Amino acid sequence: HRFWIPLLGLYAALRISEASQLRPEDFVNVDGIACVRVTGESVGESRDASAPRVKTLASLRTIPLHPMLIKLGLL
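To start, this report covers the structure provided alongside it. (Residues numbered from 1 in each chain as written. Predicted model: local features only at pLDDT ≥ 70, side-chain atom pairs only at ≥ 80, totals over all residues. Heavy atoms only, no water.)

## What to know about the packing of aromatic side chains
Counted by the stated rule, this structure contains 1 aromatic pair. Here the aromatic rings of Phe3 and Trp4 are separated by 4.8 Å at their centres, their planes lie at 85 degrees, and the arrangement is edge-to-face. For Trp4, a relative accessible area of 23% puts it in the partly exposed group. (Phe/Tyr/Trp six-rings, centres within 6.5 Å; stacked < 30°, edge-to-face > 60°. Buried < 20%, exposed > 50% of the residue type's maximum accessible area, 1.4 Å probe, protein only.)

Right, dumping it as structure tokens:
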């Protein structure tokens, strides 16, 4: 986590809380492009304490992975 979380912040513009909640199924292929999908519930709506949370509903997004993350072996 000390290696990947800062890199995900740098190359994918993820917040620390978003990067630390990623699961393997959040890494997807969209039209042949490797992406990370930020999913979850907004902070005020979570009913399940273990559910991933995001700061706002606008935070829900799919981001193409930077080639450097792929080169470093993230996938």
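Next comes the rest of the description.
## Here's the deal with the sheet that holds strand E1 (residues 27-30)
Spatial strand order, E1-E2-E5: 3 strands in an open sheet with antiparallel pairing. Two strands in the sheet have a free side with no partner beyond their single neighbour: E1 and strand E5 (61-64). In this sheet, adjacent strand axes meet at a mean angle of 40 degrees when their direction is disregarded. Across 4 bridges, E1 lies against strand E2 (residues 33-38) in antiparallel orientation. Bridge pairing in E2 links Val30 to Ile33. (Pairing = 2+ DSSP bridges. Helix = DSSP H or I, 4+ residues; strand = E, 2+ residues; numbered from the N terminus. Axes fitted to C-alpha atoms, helices over the stretch in contact; angles between N-to-C directions.)

## What about the side chain of Glu18?
By the element assignment, Glu18 lies in helix H2 (residues 16-20). At 2.9 Å, the side chain of Glu18 forms a polar contact with the side chain of Arg15. Among the polar contacts listed, one links the side chain of Glu18 to the side chain of Arg61, at a separation of 3.0 Å. (Polar contact = N/O pair within 3.5 Å; in protein donor to acceptor, adjacent residues only side chain to side chain.)

## Digging into the nonpolar core
Residues Leu8, Leu14, Ile63, Leu65 and Leu69 are the most contacted members of the largest nonpolar core, which totals 13 residues. Taken together, the elements giving at least two residues each to this core come down to helix H1 (4-12) and E2. (Core = buried A, V, L, I, M, F, W, Y, C linked by side-chain atoms within 4.5 Å.)

## Examining the side chain of Asp26
The topology assignment puts Asp26 in the loop between H2 and E1. Within polar-contact distance, the side chain of Asp26 engages the backbone nitrogen of Arg23 at 2.8 Å. If near-sequence neighbours (up to four positions away) are discounted, Asp26 is found in contact with Gln21, Cys35, Val36, Arg37 and Thr39. (Contact = heavy atoms within 4.5 Å.)

## Regarding the pattern of salt bridges
Inspection of the entire model under this criterion finds 4 salt bridges. Between Arg23 and Glu25 there is a salt bridge; the shortest N-O distance is 3.6 Å. Under the relative-accessibility criterion, Arg23 is labelled partly exposed at 32%. The exposed category is assigned to Glu25, whose relative accessible area is 51%. Look at the salt bridges and you will find they share partners, linking Arg15, Glu18 and Arg61 into a network. (Salt bridge = Lys/Arg side-chain N within 4 Å of Asp/Glu carboxyl O.)

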